[in-house]
Amino acid sequence: MKPNGVLDGRRFIASCFAFIIFLCILAFINEIRFDSVLKLGQCALSSTLYHNSSSQESRHISTTSSASSDDIRILIGILTLPDHYHKRHFLRLIYGTQSTVGARVDVKFVFCNLTKEDQKVLVALEIMRYDDIIILNCPENMNKGKTYTYFSSLPDMLLNDTNAPYPPYHYVMKGDDDAYFRLQSLADSLIPLPRQDLYYGYVIPCPSMDPFVHYMSGMGYLVSWDIVEWLKDSDIPKKHLQGPEDKVFGEWLRDGHRGKNRYNAKWSMYNYPEPPTRCTHELWPDTIAVHLLKTQEKWIRTLNYFNVTRDLKPSKLYHIP
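Below is a short write-up of the structure. All values derive from a computational prediction rather than experimental measurement. (Residues numbered from 1 in each chain as written. Predicted model: local features only at pLDDT ≥ 70, side-chain atom pairs only at ≥ 80, totals over all residues. Heavy atoms only, no water.)

1. Some remarks on the environment of Q119
Here comes step 1: Along the chain, the position of Q119 falls in helix α3 (residues 117-130).
Here comes step 2: Taking relative accessible area as the criterion, Q119 reaches 4% and is therefore assigned buried.
Here comes step 3: In this structure, Q119 is in contact with P82, D83, Y85, L114 and A124, ignoring residues within four places of it in sequence.
Here comes step 4: Of note is the side chain of Q119, whose polar atom sits 2.9 Å from the backbone nitrogen of T115. (Helix = DSSP H or I, 4+ residues; strand = E, 2+ residues; numbered from the N terminus. Buried < 20%, exposed > 50% of the residue type's maximum accessible area, 1.4 Å probe, protein only. Contact = heavy atoms within 4.5 Å. Polar contact = N/O pair within 3.5 Å; in protein donor to acceptor, adjacent residues only side chain to side chain.)

Structure below.
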């Protein structure tokens with residue numbers, strides 16, 4: 001018979017051994033559970049990433065598929081001067097907050113060669129930030145060929161991309177920087193019109209309603225792309241560049257027998273009502289363009305009339321009555 005001390009020692013060793021085995025089993029089970037949880041988490045994370053990626057892709061596809069090849073493409077070139085930085089920034093607010101249905105409208109600011117060091121820096125920054133400027137190869141002028149250079153330069157500028165649709169724009173407009181264009185109204189008026197040989201605008205002289213008699217006002221006139229290409233290739237405008245640019249433009253089309261399709265947008269286009277003249281009209285809902293907005297007060301009254309801030313969403317970040 002073995003002494004009690006020896007038995008107690010063996011029991012203690014056996015207990016320790018059993019406890020160690022138990023700890024090993026428990027650790028093994030926990031490792032399995034941890035791996036399962038880890039794999040489950042990885043699976044859930046992968047699923048979340050896939051879902052987010054799929055959602056972004058779906059949104060992208062949805063956005064892309066909402067565009068239609070039937071949408072008309074319109075380029076509006078606002079003729080201005082290089083030093084008019086504040087006016088360009090203001091007009092970016094005006095046109096950047098408008099959206100259109102059934103049309104893609106691009107608004108670009110157009111001027112001639114830069115002549116000052118500050119222009120070269122500041123305009124370059126604008127181009128880097130906004131990409132909405134066209135600089136023509138010409139001396140700055142109003143009635144000595146700037147408009148011709150604008151239209152005639154566009155084919156070489158825009159037809160280099162073989163993947164781009166043809167024509168790059170169905171319509172090209174020249175606009176003044178003191179005119180307010182309502183882009184959706186402009187697009188709606190163009191949708192039913194021909195896309196070939198079109199000359200569109202506000203007929204001058206002011207009392208006239210016949211677009212075939214004289215020409216369209218310089219506040220904003222538009223032609224179809226085939227006329228833009230004709231202006232580039234024809235010798236007619238090259239021989240007659242100087243003079244009131246809108247009148248001269250109309251004479252080019254008359255002499256070249258172009259613009260057989262004409263649309264008089266009067267009285268959806270008109271001059272600001274004050275001071276009253278034969279070219280003015282009261283502000284009214286059926287408006288495409290308001291011209292001669294020479295002061296900020298006139299701009300504000302016009303923008304208020306058309307309630308341009310109606311889509312501003314309430315926020316705790318600002319209080320605007």
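Here the narrative resumes.
2. Some points on the sheet that holds strand β11 (residues 269-271)
Here comes step 1: Here three strands make up an open sheet; going across it, the order is β5-β12-β11 and the pairing mixed. A strand with exactly one partner marks an edge of an open sheet, and here the two such strands are β5 (180-181) and β11.
Here comes step 2: When β11 meets strand β12 (residues 289-291), the two strands line up parallel, connected through three bridges. Looking at β12, one finds that N271 is bridged to H291. (Pairing = 2+ DSSP bridges.)

3. Remarks on the nonpolar core
Here comes step 1: Counting 73 residues, the largest nonpolar core has I74, L190 and Y200 as the members making the most contacts within it.
Here comes step 2: Setting aside residues no more than four positions away along its own chain, I74 makes contact with A103, R104, V105, D106, Y169, Y171, A187, L190 and L222. (Core = buried A, V, L, I, M, F, W, Y, C linked by side-chain atoms within 4.5 Å.)

4. Some remarks on the sheet that holds strand β9 (residues 220-224)
Consider a sheet: its strands pair through backbone hydrogen bonds, and that pairing is either parallel or antiparallel.
Here comes step 1: Strand order in the open sheet formed by seven strands is β3-β2-β1-β4-β9-β6-β10, with mixed pairing between adjacent strands. Lying at the two open borders of the sheet, with one neighbouring strand each, are β3 (133-135) and β10 (261-264). Each neighbouring strand pair of the sheet contributes to a mean axis angle of 20°, computed without reference to strand direction.
Here comes step 2: Relative to β3, strand β2 (residues 103-111) runs parallel, the two being bridged by three bridges. In the strand pairing of β3, F109 is matched with I133.
Here comes step 3: Contacts between helix α2 (residues 85-96) and the sheet are confined to β1 (72-79), β2 and β3, with β2 contributing the most and set at about 175° to the helix. (Axes fitted to C-alpha atoms, helices over the stretch in contact; angles between N-to-C directions.)

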